[in-house]
Amino acid sequence: LPLHTRQPSSQTQYRTPDTMSSLDLYTFPSLSKTLSLLAPISRLPAFLPTSLSSSTRLSLCNLSFSLTNPALSKYRLNVSRRFSRHPAGEFVGKNDSEEEEFQEDVEEVEDSDVGHDEEQVADESFAIDVEALEKEAKDAVREHSVSLSRELKIEDETNIPKETHGKQKRHRSTTRNIVKIPDHLLPRVAIVGRPNVGKSALFNRLVGGNKAIVVDEPGVTRDRLYGRSFWGDYEFMVVDTGGVLTISNSQTDVMEELAITTTIGMEGIPLACREAAVARMPSMIERQAIAAVEESSVIIFVVDGQAGLTAADVEIADWLRKNYSNKSIILAVNKCESPRKGLMQASEFWSLGFSPLPISAVSGTGTGELLDLVCSGLEKIEGPDNIDDEENYVPAIAIVGRPNVGKSSILNALVGEDRTIVSPVSGTTRDAIDTEFTGPDGQKFLLIDTAGIRRRATVASSGSTTEALSVNRAFRAIRRSDVVAIVIEAMACITEQDYRIAERIEREGKGCLIVVNKWDTIPNKNQQTATYYEQDVREKLRNLNWAPIVYSTAIAGHSVEKIIVAASTVEKERSRRLGTSILNQVIQEALAFKSPPKTRGGKRGRVYYCTQPAIRPPTFVFFVNDAKLFPETYRRYMEKQLRSNAGFPGTPIRLLWRSRRKMEKDNGRAATTKTQVNIVARDRKLAVAT
């Protein structure tokens, strides 16, 4: 492809027969000399023998030279098919001054070509060792990933308040060297009880880590939350549930216990709808708890040892005894930190008809005996043999967005059940809810429903610790996911918060698709509506111009299956690896079309080698002479060329630039370190010998 060339102020001509056309650009006194000068760059022979036929010379002349040498780029040959070299081959100008100017240009090209050859010889002294460069590329990717993860972790820690029970040590997520059993095959253990008795704290103790939000407020947990746990040779799923409320409570007491407000985040909803949503909230939470109990083999009934026996505890115990007497029910008296006082605190719960066990979810007292009782009621599950890691890999899809855009509705529409609570009450979803889902083609996915993400200043001004921790769980869900579905409301404008969420997704390197929910609310739609809407979305979310857009109506179940299809395509593109030969061919074409810009000192960037050492996201490492010679605009151009030639829709791509000087410096440092180690070892041997 031709580069930018300087058009001549006056045209020069070859003397040709009347039936031939003319050469309308700068050229040299003869075609043989021209090809000789161009030979070092274009890899053509250094001369043209006179024995060549006219057709061969014609095919060579029809080439449009796009030179990487900037000094020769203005001398571009564009020869007509009808051109034939005149036997005389002499230059004929319109006047003597033009001929003299042309000769000066030829000398300038020859001088610059000599300098270019010297620079090329110097660059060729940098021998390309493919194995060493591949190893260097993997080290660069690892270094970049660690640096980025540390940076994002620092941002999260500075903006998120500490949870209740801050003195509690963070539990390490324990892993075992066994075959991982799929989640749907593991037995379930449900944790139930009234609000604010420490169910989420016990859940975190059993599964390890701080997966559930723990705040000294009632009604924090609302949906079912799953986590893997094991004890000895037994492995099982622990299910955290919301506090079970009884029908004896009034609506005012329910609002106080659940900390539900009818004003925050519900300004556009009529008052009657707000009250109706609040009235349905207890029944929704109870349905989630009942679903967890129904699918579980063991039930842990948690009560508060410090508060003592309450009427709600008695009603829940009667409900469990009447309906689930065929299951193993364990009565755990929580908040018994002192072993001596724990026995006294647990003694009053004998009246419930179960054997009480004093425990402390915060300090871990009594949890060993609790796990022994849990495992006694479970059946041991053997893992399947010969499970490949790639076959066992289940991509995770996080559903994120601002509050009340329909994230939970999308999850329920995909799985075909009321997996999460859907309500116009702002902030209904608080924890990150994991749900396994199997697509139409048999592909398994892990769907993650998250809490609505509001602006940081708005969350801080509200003073709600629960909401701040919910936002933190949403960002954690983005980090542990593979594909993120950012949901926006069709009738709502794209705000700055949507842009911030999109920016976070790109920094995390996750695949992304944009879901425009509530598409049925757009009035008077036609064939051009989606086109105009997409243009508006692309303009406002410029950092996600590579993400596909899906239009759906989750409440009616329209086009929700397209979300899974798009997510599957994005995951395949995110896991795709480009061949090194094809990759370098694309890079060379991009360099030929547009060379790196020159600095004021006349330096220009050169690309020696390019490779893709990592996937998820696709990461490319460029080995160049100096990374500083490639400005941000040229790096964006190279990314655009990669996307246009190699694809990768729906996933961000990372370009890392490694300088030759830095590589040589690192190699020298490694060699120096090795020498120092040898010297120290030699000194130790001498000391021992002495």
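The name an unreviewed UniProt entry assigns to the chain is GTPase Der, from the organism Davidia involucrata. One UniProt comment on the chain, placed under Sequence similarities (unreviewed entry), says "Belongs to the TRAFAC class TrmE-Era-EngA-EngB-Septin-like GTPase superfamily. EngA (Der) GTPase family."

Participant: Looking at this model, I keep getting lost on helix α8 (residues 311-323). Mind explaining?
Facilitator: The periodicity of an α-helix, 3.6 residues per turn, causes residues three or four places apart in sequence to face the same way. The end-to-end C-alpha distance of α8, which contains 13 residues, comes to 19 Å, matching closely the 18 Å that a straight helix rising 1.5 Å per residue would cover. For α8, the full list of buried residues reads Asp-313, Ile-316, Ala-317 and Leu-320. Looking straight down α8, one finds its buried side chains confined to an arc of 100°; they lie on one side. Pointing more than 90 degrees away from the buried face of α8 are the exposed residues Ala-311 and Lys-322. The inward-facing, buried residues of α8 contact β3 (188-192), β6 (298-304) and β7 (328-334).

Participant: I tried to follow the sheet that holds strand β13 (residues 511-517) on my own but got confused; where do I start?
Facilitator: Sheets are built from strands paired through backbone hydrogen bonds, the pairs being either parallel or antiparallel. Within the open sheet, the six strands sit side by side as β10-β11-β9-β12-β13-β14. Their pairing is mixed. Both outer strands of the open sheet, β10 (433-438) and β14 (549-551), are each paired with one neighbouring strand and no more. Within the sheet, the average angular offset between the axes of one strand and its neighbour, ignoring direction, is 25°. Helix α12 (residues 407-415) rests against β9 (396-401), β10, β11 (444-449), β12 (483-489) and β13 of the sheet, and its axis sits at about 155° to β11.

Participant: How should the packing of aromatic side chains be read in this particular structure?
Facilitator: The geometry of an aromatic ring pair is captured by two quantities: the separation of the ring centres and the angle between the planes. A complete count under the given rule lists 10 aromatic pairs for this structure. Look at Trp-319 and Tyr-324: their rings are 5.5 Å apart centre to centre, the planes differ by 85°, and that puts the pair in the edge-to-face class. Classification of Trp-319 by relative accessible area gives partly exposed; the value is 22%. Geometrically, the ring pair formed by Tyr-634 and Tyr-637 is tilted, given 5.3 Å between the ring centres and 50° between the ring planes. In this pair, Tyr-634 and Tyr-637 both sit in helix α19 (residues 632-646), three residues apart, roughly one turn of the helix. For Tyr-634, a relative accessible area of 1% gives the class buried. A relative accessible area of 10% places Tyr-637 in the buried class.

Participant: Honestly, the sheet that holds strand β5 (residues 234-240) in this entry has me stumped. Any pointers?
Facilitator: Reading across from one edge, β4-β5-β3-β6-β7-β8 is the order of the six strands in this open sheet, with mixed pairing throughout. Both outer strands of the open sheet, β4 (225-231) and β8 (356-358), are each paired with one neighbouring strand and no more. Ignoring strand direction, the axes of neighbouring strands in this sheet form an average angle of 30°. By the bridge criterion, four bridges tie β3 to β5 in an arrangement that is parallel. Within β5, the residue paired with Arg-188 across the bridge is Met-237.

Participant: How should I be thinking about unusual backbone geometry in this particular structure?
Facilitator: Glycine aside, residues mostly have negative phi angles, and peptide bonds mostly take the trans form. Omega for the bond connecting Arg-616 with Pro-617 falls within 30 degrees of zero, at 0°, which places this linkage in the cis form. Checked against the element boundaries, Pro-617 lands in the loop between β15 (607-614) and β16 (619-624). The phi angle at Arg-616 is positive, at roughly 55°, despite the residue not being glycine. Mapping Arg-616 onto the fold places it in the loop between β15 and β16. Since its relative accessible area comes to 27%, Arg-616 is described here as partly exposed.

Participant: Before we go on, may I ask you to explain the environment of Leu-446 in this structure?
Facilitator: With respect to the secondary-structure elements, Leu-446 resides in strand β11. Along the sequence, Leu-446 and Thr-435 sit 11 residues apart, while their C-alpha atoms lie 5.6 Å from each other. Excluding residues that lie within four positions of it along the chain, Leu-446 makes contacts with Val-394, Pro-395, Ala-396, Ile-397, Asp-434, Thr-435 and Glu-436.

Conventions used here
- Residues numbered from 1 in each chain as written.
- Predicted model: local features only at pLDDT ≥ 70, side-chain atom pairs only at ≥ 80, totals over all residues.
- Heavy atoms only, no water.
- UniProt positions renumbered as here; feature names shortened; annotations may be inferred.
- Helix = DSSP H or I, 4+ residues; strand = E, 2+ residues; numbered from the N terminus.
- Expected span 1.5 Å × (residues − 1).
- Buried < 20%, exposed > 50% of the residue type's maximum accessible area, 1.4 Å probe, protein only.
- Arc of directions from axis to C-beta.
- Contact = heavy atoms within 4.5 Å.
- Pairing = 2+ DSSP bridges.
- Axes fitted to C-alpha atoms, helices over the stretch in contact; angles between N-to-C directions.
- Phe/Tyr/Trp six-rings, centres within 6.5 Å; stacked < 30°, edge-to-face > 60°.

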